Amino acid sequence: MKKILLATTALVASAGVASAEITLSGFAEMGIYDNGNDDTQFFTDIDVTFTMSGEADNGLTFGANIDLDESDGSGASGASGAFSPSTQGGEAIFVSYGGATLTMGDTDGAFDKILPEMALAGGSLADDETAHAGFNTGDGNNLGADGLDKFGDGQIARFDYAYNAFTFSLSAEQVADGAQVAGAGETIWGLGVGYSGTVGPVDLTVGLAYQDWADVGNVTGIAATGAFSSGFSAGLTYSVFNFDTSGIDDITHVGLGFGYEMNAIAVGVNWGKYEQGSWEQSGWGLAGSYDLGGGLSARMGYGKSEFNNGTDMDTWSLGLRMNF
């Protein structure tokens, strides 16, 4: 991704600052889409991200980024135009030393951080390949075998420690700005361990994660993806949500993903299903992209959702993405 360098090298304000850097990046999209209502519509979107980083004299690195698309209040946990230190508005802030990193704000919980998703190649304007009813986003898209991110106040704190090819993560999200909520506790905790390395001819990523919401339930998930030098990739994910209330069936999710990338072409397809007793919903998604160079790419996507009541829904999008 191209980045416009606003400030670089040394910004020496005091003896305590070794160096700092500020970069600006973003993307724009244009095309057509159908969000499931069988009406073809124009599609336009733009996003800008500011990223700041620095390093202290003792080797401690620090930084922050803010997504302006989220900070305008349009996001689920946006700032809504008013500053509040207890509510994230698209910003994430970190400090790091060696293999240890603490991140706070608009970031993933340990479950979503550690488990790889099944959208392995390509991409679409409207995220059709990940918006279908069978896809596990890991961020609370469904209360069930997804992770529990965003069911709290949206302000997440996560500690990561990287050791060789392994990453260990611990996260916390307050349910209601630190207040105790009857029947829902006050914190959603997450824990995960992941491995990413080369095993024979395969670039392998494996994750095992757990997230708990006191008095509501907990979710355990495992996922693995493998990429081959031929350009093919494949993945599998499985997770189970257990309710703390007795008599409620577990919700299980299984998902598969396949991808192919060669030269300028990238194509990915995935499938997933949720089940709880006799209830189920499933879907599959397709995404393709062609790199035209210079940050410009042509993209297409399709998503198919099938629900327990026998109904289904199709979405699709087609157009251009510009990375800056």
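Each chain carries its own residue numbering, running from 1 in the written order of its sequence. In keeping with the model being predicted, local features are shown solely for residues with a pLDDT of at least 70 and side-chain atom pairs are shown and tallied solely at 80 or more, while totals for entire chains, interfaces and linings include all residues. To get the side-chain values, all heavy atoms of the structure are used, and hydrogens and water are removed first.

**Examining the side chain of Asp160**
So, point 1. Note on conventions: DSSP H or I runs of at least 4 residues are helices, E runs of at least 2 residues are strands, and numbering of each starts at the N terminus. Among the structural elements, Asp160 can be located in strand E7 (residues 156-163).
So, point 2. Polar contact is the term for a pair of N or O atoms within 3.5 Å; when the atoms are in protein, one must be able to donate a hydrogen and the other to accept it, and sequence-neighboring residues count only if both atoms are side-chain atoms. A polar contact is formed between the side chain of Asp160 and the side chain of Arg158, at a distance of 2.9 Å.
So, point 3. What Asp160 contacts, discounting residues up to four positions off in sequence, is Gly99, Ala100, Thr101, Lys113, Phe168 and Ser169. Contact criterion: two residues are considered in contact whenever any of their non-hydrogen atoms come within 4.5 Å of each other.

**Topic: the pairing of strand E14 (residues 265-276)**
Remember that side chains alternate between the two faces of the sheet whenever the strand is regular.
So, point 1. We treat two strands as partners when DSSP finds at least two bridges between them. By the bridge criterion, 11 bridges tie strand E13 (residues 251-262) to E14 in an arrangement that is antiparallel. Among the inter-strand pairings, Glu261 is bridged to a residue of E14, identified as Ala266.
So, point 2. Bridge count for E14 against strand E15 (residues 279-293) is 12 bridges, and the pairing is antiparallel. Opposite Ile265, over in E15, you have Tyr290 as the bridge partner.
So, point 3. Here E14 folds back onto E15 in antiparallel fashion, the turn holding two residues, of which Gly277 has a positive phi close to 60°.

**Describing the packing of aromatic side chains**
So, point 1. We call Phe, Tyr and Trp rings a pair once their centres come within 6.5 Å, taking the six-membered ring for Trp, and we label the pair stacked below 30 degrees between planes, edge-to-face above 60, and tilted otherwise. Per the counting criterion, the structure on display carries six aromatic pairs.
So, point 2. Aromatic pair Phe232 and Tyr260: ring centres 4.7 Å apart, planes at 50°, arrangement tilted. With Phe232 in strand E12 (residues 232-243) and Tyr260 in strand E13, this pair connects stretches of sequence that are 28 residues apart.
So, point 3. For every residue, the accessible area (1.4 Å probe, protein chains only) is compared with the maximum for its type, and the residue is labelled buried under 20%, exposed over 50%, or partly exposed between those bounds. Of the residues examined, Phe232 reaches a relative accessible area of 49% and is grouped as partly exposed.
So, point 4. Between Phe241 and Phe243, the aromatic rings sit 4.8 Å apart at their centres with planes inclined by 65°, giving edge-to-face as the arrangement.
So, point 5. Its relative accessible area of 22% is what places Phe243 among the partly exposed residues.
So, point 6. Here Arg321 stacks its cationic end above the ring of Phe27, 4.0 Å away from the centre of that ring. We call a charge positioned over a ring when the NZ of a Lys or the CZ of an Arg lies within 6 Å of the ring centre and within 35 degrees of the ring normal.

**So, the pattern of salt bridges**
So, point 1. A pairing counts as a salt bridge when a side-chain nitrogen of Lys or Arg comes within 4 Å of a carboxyl oxygen of Asp or Glu. Per the counting criterion, the structure on display carries five salt bridges.
So, point 2. The closest approach of N and O atoms between Glu29 and Arg321, which form a salt bridge, is 2.9 Å. One end of the pair, Glu29, is in strand E2 (residues 17-34); the other, Arg321, is in strand E17 (residues 312-323), and 292 residues separate them in sequence.
So, point 3. Residue Glu29 is classed as buried on the basis of its relative accessible area of 5%.
So, point 4. Of the residues examined, Arg321 reaches a relative accessible area of 15% and is grouped as buried.

**Points about the nonpolar core**
So, point 1. The definition of a nonpolar core used throughout is a set of buried Ala, Val, Leu, Ile, Met, Phe, Trp, Tyr and Cys residues joined through side-chain atoms within 4.5 Å. Leu115, Leu148 and Trp213 are the most contacted members of the largest nonpolar core, which totals 15 residues.
So, point 2. Those elements that place two or more of their residues in this core are helix H2 (110-114), strand E10 (202-213) and strand E11 (217-228).
So, point 3. Those residues within four positions of Leu115 in sequence are excluded, and the remaining contacts are Gly207, Leu208, Ala209, Gly221, Ile222 and Ala223.

**Digging into the environment of Lys304**
So, point 1. On the secondary structure map, Lys304 appears in strand E16 (residues 296-306).
So, point 2. Look at Lys304 and you get buried, because its relative accessible area is 16%.
So, point 3. Taking the C-alpha atoms as reference points, Lys304 and Ser282, separated by 22 residues in sequence, lie 8.5 Å from one another.
So, point 4. With residues near it in sequence (within four places) discarded, Lys304 still touches His132, Ser282, Gly283, Trp284, Asp312, Met313 and Asp314.
So, point 5. For Lys304, the side chain forms a polar contact with the side chain of Asp312, separated by 3.3 Å.

**Quick word on empty space enclosed by the protein**
So, point 1. Throughout, the protein atoms alone are placed on a 1 Å grid, and a set of points is a cavity if a 1.4 Å probe fits but cannot get out or a pocket if it is open with protein on both sides within 12 Å along at least five of seven lines; lining residues have an atom within 4 Å of a point. Grid points are joined across faces, edges and corners, and a volume is the space filled by probe spheres set on the points. Per the counting criterion, the structure on display carries one cavity of 30 Å³ or more.
So, point 2. When residues of the lining of the largest cavity are traced back to their parent elements, those giving at least two are H2, E12, E13 and E14.
So, point 3. In terms of residue class, the lining of the largest cavity is made up of seven nonpolar, 11 polar and two charged. Three categories are distinguished: nonpolar for Ala, Val, Leu, Ile, Met, Phe, Trp, Tyr, Cys and Pro, charged for Asp, Glu, Lys and Arg, and polar for the others, with Gly belonging to the last.

Any functional reading would require information beyond the geometric quantities listed.
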